[in-house]
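This is what each chain is made of:
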Amino acid sequence: MTVKIISIFVAVFLLALQNVETLTTADRIKDAGCQSEEYNVTTPDGFGITVFRIRKPNAPNNVKLPVALLQHGLVSSSDFWVLKGVPDLLAYTLVENGYDVWLGNTRGNPYGGYHPKLSTDSREFWRFTWHEIGVLDLPSIIDFVLKTTKQNNLHYVGHSQGTTSMFVLLSTYPQYNAKLRSVHLMAPVAFMEHSTSKLIKLSAPLLGSYSFMTPLAGDKALIDNVFIRNILGIESCRRTEGALFICPYLLIVGLGGRSDYTLQDVYPDFYETHPARCSTNQAIHYVQLYKSHYQLANINPQFPLHFYHSKDDAFAAVEVVEHLSDLLGNKTVRHFIDLDNFSHMDFVIGYNIKDVINGDVLNEMKRVDGLLQ
C-alpha cells in the first residue's frame, strides 16, 4: 500500500512539472466567439488592476447598453466567469441578452499584480485584506466602468468575496447605493460562525483573533509556492490525464464543499488559474469572521439585494444567510437553491446554472431596467 501511495505521488508530481499553456481571460472570451477589451484601472493607493469587457462580435461602439459588472471571489479572478467546459455561463448569457458585460479583478491576483513602488516579493505589497478591496478596488472599478460607458449606474453580480467587498463598499461609502441597479450576491459571505469548512474550523483557534501566528502567516501570497501546489495536486489537475481523483477533493476541502454539479471536463481549465494568487491576509480576515461580525450599516440599495444560497455551501451557511437577510429586512430577496451538494463554486460553474441561477438574475435585471427607463 505504501509503495502504491508513493507511486501515485510521484506520478502527480511528474505531471505537474509538464509545461501547460496558460490562457488569459481575453483568450477565453475570444475563443468563445466574443469581442474582448482590456482596460487598466488604478486604485488610489497605486495598484494597477486589469478589467475585461465582453461584447458581441462587431458590436457598434455608439450604442449604449445596460452595464453588468461581475466580481469574482477569493483565490479567483475574471477567468472564473469564462471557464471552458461550463454550459450557459452567466457572462455570455448577459451578452446575448443585450448587456455590456465587464469582469472585475482585485489587487494581488494575476490581473492585479502591478504597483509602481512595491514588488510582489515584498511583504508590504501583500499588506491588504478584502476590506481594501471593498473600499479601494471595487469603487475604482465601478467608477471607471461608469465613466467609460457614460452610464450613471450598473448591475452588479458578486460571488463569495465579491459579495463581501460589496457589503464593505456599501457600508463605508453609502453614496454607491445610487450607482447600482440590481445587485446579485452569490454565496454571500459576511459572517462565518456557522461555516462547515474544516479549514475555517481548524484555523479559527490560531487565526480567529490576533495571536503570535497572525504576523507569521500574514503579508504573503497565498498558495503561490510551486512546490506546495505540486504537493497538493493542484498542478496535476490542470491536465486531463492528471490525477483527477484529487481535483474534486480539493474543491471539498478548500473551495466550499462537495459538488455534484461541476463537470469533470471543467477541472483542467479551472485549475489552470485556480486557486489564484491572493494575500494570506484575505483568508485570515475570513477566519476572523468565524468569531466576529462585519458591520452592515449604511446599506440602503434602491432595489433589494438578491441573495443566492444553498444548504451545502461550506462557506455561506443557510443560517448565516438567513440571519443576514433578517438584519437587512426588506432590503433583500433570497433565492434558495434546494439541491443536495450544490456547493460554493457551483453558483458560477455548475452545469445547471441556466435553470437555477441565470434565469432569476436576468429577469430581475430586465425588471429593473424597465422601471428605470
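Here the structure is a predicted model, which means the values were calculated and not measured.

Definitions and cut-offs
- Residues numbered from 1 in each chain as written.
- Predicted model: local features only at pLDDT ≥ 70, side-chain atom pairs only at ≥ 80, totals over all residues.
- Heavy atoms only, no water.
- Helix = DSSP H or I, 4+ residues; strand = E, 2+ residues; numbered from the N terminus.
- Buried < 20%, exposed > 50% of the residue type's maximum accessible area, 1.4 Å probe, protein only.
- Contact = heavy atoms within 4.5 Å.
- Areas by Shrake-Rupley, 256 points an atom, 1.4 Å probe, with all protein chains shown as cover.
- Core = buried A, V, L, I, M, F, W, Y, C linked by side-chain atoms within 4.5 Å.
- Pairing = 2+ DSSP bridges.
- Axes fitted to C-alpha atoms, helices over the stretch in contact; angles between N-to-C directions.
- Salt bridge = Lys/Arg side-chain N within 4 Å of Asp/Glu carboxyl O.
- Phe/Tyr/Trp six-rings, centres within 6.5 Å; stacked < 30°, edge-to-face > 60°.
- Lys NZ or Arg CZ within 6 Å of the ring centre and 35° of its normal.

Focus on the overall build of the protein
Okay, step 1: Within the protein, the regular secondary structure consists of 14 helices and 8 strands.
Okay, step 2: Within the protein, buried positions represent 58% of all 373 residues.
Okay, step 3: Within the protein, contacts between residues at least 6 apart in sequence are counted, and of these 80% link residues at least 24 apart.
Okay, step 4: On the protein, roughly 15,800 Å² of surface is accessible, and the fraction owed to carbon and sulfur atoms is 55%.

Observations concerning the nonpolar core
Okay, step 1: Formed by 88 residues in total, the largest nonpolar core has its most connected members in Ile 54, Leu 103, Ile 142 and Met 166.
Okay, step 2: With 8 residues, helix α4 (residues 130–149) is the single largest residue contributor to this core.
Okay, step 3: Not counting residues up to four positions away in its chain, the partners in contact with Ile 142 are Leu 69, Leu 154, Met 166, Leu 169, Tyr 176 and Leu 180.

Structural notes on the sheet that holds strand β8 (residues 332–337)
Okay, step 1: Spatial ordering of the open sheet is given by β1-β2-β4-β3-β5-β6-β7-β8, a layout of 8 strands whose pairing is mixed. At either margin of the open sheet sits one strand with a lone partner, and together these are β1 (35–42) and β8. If you compare each strand with its neighbour and ignore which way they point, the axes differ by 20° on average.
Okay, step 2: Sheet topology note: the strand β2 (residues 48–55)/strand β4 (residues 100–103) ladder contains 3 bridges and is antiparallel. If you follow Phe 52 over to β4, its bridge partner there is Leu 103.
Okay, step 3: Across the face of the sheet, helix α12 (residues 318–328) comes into contact with β7 (305–310) and β8 while running at roughly 165° to β7.

Focus: the pattern of salt bridges
Okay, step 1: Applying the stated criterion to the full structure yields 14 salt bridges.
Okay, step 2: A salt bridge links Arg 107 to Asp 45, with the nearest nitrogen and oxygen atoms 2.7 Å apart. Taken as a pair, Arg 107 in the loop between β4 and α4 and Asp 45 in the loop between β1 and β2 lie far apart in primary sequence, 62 residues in all.
Okay, step 3: Given a relative accessible area of 1%, Arg 107 falls into the buried group.
Okay, step 4: Taken together, the salt bridges that share partners define one network made up of Arg 28, Asp 79, Asp 269 and Glu 272.

Structural notes on unusual backbone geometry
The general pattern is negative phi for most residues beyond glycine and trans for most peptide bonds.
Okay, step 1: Omega for the bond connecting His 274 with Pro 275 falls within 30 degrees of zero, at -5°, which places this linkage in the cis form.
Okay, step 2: If you trace the backbone, Pro 275 turns up in the loop between α10 (267–273) and α11 (280–288).
Okay, step 3: Not every positive phi belongs to a glycine, and Ala 187 is a case in point at roughly 55°.
Okay, step 4: Note on placement: Ala 187 falls in the loop between β6 (180–186) and α6 (198–207).
Okay, step 5: Accessibility expressed as a relative area gives 0% for Ala 187, which makes it buried.
Okay, step 6: Here the phi dihedral of Asn 341 falls at roughly 60°; this positive angle occurs in a residue that is not glycine.
Okay, step 7: By the secondary structure assignment, Asn 341 is in the loop between β8 and α13 (346–349).

Here we look at the packing of aromatic side chains
Between two aromatic rings, the relevant description is the distance of the centres plus the angle of the planes.
Okay, step 1: Considering all chains together, one arrives at 16 aromatic pairs under this definition.
Okay, step 2: Ring plane angle 75° and centroid distance 6.4 Å describe the contact between Trp 102 and Phe 144, whose orientation is recorded as edge-to-face. Remark: Phe 144 occurs in helix α4 and Trp 102 occurs in strand β4; sequence separation between them is 42 residues.
Okay, step 3: Residue classification places Trp 102 among the buried residues on the basis of a relative accessible area of 0%.
Okay, step 4: Classification of Phe 144 by relative accessible area gives partly exposed; the value is 23%.
Okay, step 5: With 5.5 Å between their ring centres and 40° between their planes, Tyr 261 and Tyr 351 make a pair best called tilted. Within this pair, whereas Tyr 261 is found in the loop between α9 (246–254) and α10, its partner Tyr 351 is found in the loop between α13 and α14 (353–372), the two being separated by 90 residues in sequence.
Okay, step 6: The class for Tyr 261 is buried, based on a relative accessible area of 13%.
Okay, step 7: Three or more aromatic residues link up through ring pairs in this structure, and these residues are Phe 80, Trp 81, Tyr 267, Phe 270 and Tyr 271.
Okay, step 8: Over the aromatic face of Phe 128 sits the side chain of Arg 107, whose NZ or CZ is 5.7 Å from the ring centroid.

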